[in-house]
Amino acid sequence: MTLDITKLSPRYEVRQLGEEDFPAILALYQSNPQYFAPMGQEPPQGGLEEDLAALPPGKTMEDKYFLGFFQDGAMTALLELVTGYPDEGTGYIGLFMVDARHQGQGEGSRLIGEILAHLKDAGLGYAELCYSYGNQQSEHFWMKNGFIPTGSVRQQGEYYVISLFKKL
């Protein structure tokens, strides 16, 4: 499935991220230390090549979108999405992060609503994701936006992740 990323949000310039965007990605990560804390990690200082290239089993780079959402030239949010995973009718959100300066104002919820509406229009029936056990901010955000637990909890390295899904 190929998405028209320009339709993911009418309010942002949306584009695929690459190595030239590493400074903006790192700044966004560093504005969100609470995301990394439940994993026993600090926001990364580098190593972003892995984030751009990581794929679940059976998927290719044609299925992956590592996107920045820009306003006035500044990246406000980041989305990592894999279409057709874990099944053909699902879009898997590997990461969704909003710059800390834009949090607590409903911007993340508005943006994820726009994204999910486009995924539904593109023919996907579900969205799925995981959040790190203990990350109360993520848990609250995803539940508030209509995601429900799948019942799957699995260990991922030194921490556990909880799987959620939403019917689109």
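Right above here is the structure, for reference.
Everything numeric here is computed off the predicted structure, so don't read it as measured data.

Engineer: Residue-level account of the environment of Glu128, with values.
Structural biologist: In this fold, Glu128 is placed in strand S5 (residues 126-132). Considering only alpha carbons, one finds Glu128 and Gln41, 87 residues apart in sequence, at a separation of 23 Å. Those residues within four positions of Glu128 in sequence are excluded, and the remaining contacts are Pro86, Thr90, Gly91, Tyr92, Ile93, Phe147, Ser163, Leu164 and Phe165.

Engineer: Give me the packing of aromatic side chains: which residues, what numbers.
Structural biologist: Within this structure, the stated rule accounts for nine aromatic pairs. Note on Tyr126 and Phe165: the rings are 6.1 Å apart at their centroids and 50 degrees apart in plane angle, and the pair reads as tilted. Highlighted residues: Tyr126 in strand S5 and Phe165 in strand S7 (residues 159-167), separated in sequence by 39 residues. Relative accessible area serves as the criterion here: at 36%, Tyr126 is assigned to the partly exposed category. An aromatic cluster is built from Phe96, Phe141, Trp142 and Phe147, whose rings are joined through pairwise contacts.

Engineer: Just give me the short version of helix H4 (residues 107-121), but keep the residues and values in it.
Structural biologist: Every α-helical turn comprises 3.6 residues, leaving residues that sit three or four positions apart pointing alike. Between the first and last C-alpha of H4 there are 21 Å, a value that for 15 residues agrees with the 21 Å anticipated at 1.5 Å per step. Every buried residue belonging to H4 is among Glu107, Gly108, Ser109, Leu111, Ile112, Glu114, Ile115, Leu116, His118 and Leu119, and all of these are buried. Contacts made by the buried residues of H4 are with strand S2 (64-71), strand S3 (74-83), strand S4 (90-98), S5, helix H5 (136-144) and S7. Gly123 sits one or two residues past H4 and shows a positive phi near 110 degrees.

Engineer: If you had to explain the environment of Leu55 to someone new, which residues and values would you point to?
Structural biologist: Note that Leu55 resides in the loop between helix H3 (48-53) and S2. Residues Leu55 and Ala100, spaced 45 residues apart in sequence, show a C-alpha to C-alpha distance of 27 Å. Those residues in contact with Leu55, other than ones at most four positions away along the chain, are Thr60, Met61 and Lys64.

Engineer: Tell me what's going on with the nonpolar core, and back it up with residues and numbers.
Structural biologist: Among the nonpolar cores identified, the biggest contains 29 residues, and Phe69, Ile93, Phe96, Ile115 and Trp142 are the most heavily contacted of them. At the level of secondary structure, the elements contributing two or more residues to this core comprise S2, S3, S4, H4, S5, H5 and S7. Tallying contributions element by element places H4 first for this core, with five residues. Core analysis: the next-biggest nonpolar cluster, separate from the first, contains 21 residues, Met39, Leu78, Tyr92 and Tyr159 among them.

Engineer: Got a sec to walk through a nonpolar patch on the surface? Specific residues and values, please.
Structural biologist: A contiguous nonpolar surface patch, about 350 Å² in accessible area, is contributed by Tyr133, Val153 and Tyr160. Along the polypeptide, Val153 turns up in strand S6 (residues 148-156). On the accessibility criterion, Val153 (54% relative accessible area) is exposed.

Engineer: Can you break down a negative patch on the surface residue by residue, with the values?
Structural biologist: A grouping of Glu19, Glu20, Glu49 and Glu50 is seen on the molecular surface, where their side chains present a negatively charged patch. Take Glu19: it is sitting in the loop between strand S1 (13-16) and helix H1 (22-30).

Engineer: For the sheet that holds S1, give the residues involved together with the corresponding values.
Structural biologist: An order of S1-S2-S3-S4-S5-S7-S6 is seen for the seven strands of this open sheet, with the pairing classed as mixed. Two strands lie at the open edges of the sheet, namely S1 and S6, each paired on one side alone. Averaged over neighbouring strand pairs, the angle between their axes works out to 30 degrees when direction is ignored. Bridge analysis of S1 against S2 gives four bridges, and the strand direction is antiparallel. Following the sheet pairing, Gln16 is matched in S2 by Leu67. Together, S2, S3 and S4 form the strand contacts of H1, whose direction differs from that of S3 by roughly 95 degrees. Relative to the sheet, H4 contacts S2, S3, S4, S5 and S7, its axis offset from that of S4 by approximately 160 degrees.

Analysis parameters
- Residues numbered from 1 in each chain as written.
- Predicted model: local features only at pLDDT ≥ 70, side-chain atom pairs only at ≥ 80, totals over all residues.
- Heavy atoms only, no water.
- Helix = DSSP H or I, 4+ residues; strand = E, 2+ residues; numbered from the N terminus.
- Contact = heavy atoms within 4.5 Å.
- Phe/Tyr/Trp six-rings, centres within 6.5 Å; stacked < 30°, edge-to-face > 60°.
- Buried < 20%, exposed > 50% of the residue type's maximum accessible area, 1.4 Å probe, protein only.
- Expected span 1.5 Å × (residues − 1).
- Core = buried A, V, L, I, M, F, W, Y, C linked by side-chain atoms within 4.5 Å.
- Patch = residues over 30% accessible without salt bridge, like charges linked within 9 Å, V, L, I, M, F, W, Y side chains within 5 Å.
- Areas by Shrake-Rupley, 256 points an atom, 1.4 Å probe, with all protein chains shown as cover.
- Salt bridge = Lys/Arg side-chain N within 4 Å of Asp/Glu carboxyl O.
- Lys, Arg positive; Asp, Glu negative; His and termini not counted.
- Charge placed at Lys NZ, Arg CZ, Asp CG, Glu CD.
- Pairing = 2+ DSSP bridges.
- Axes fitted to C-alpha atoms, helices over the stretch in contact; angles between N-to-C directions.

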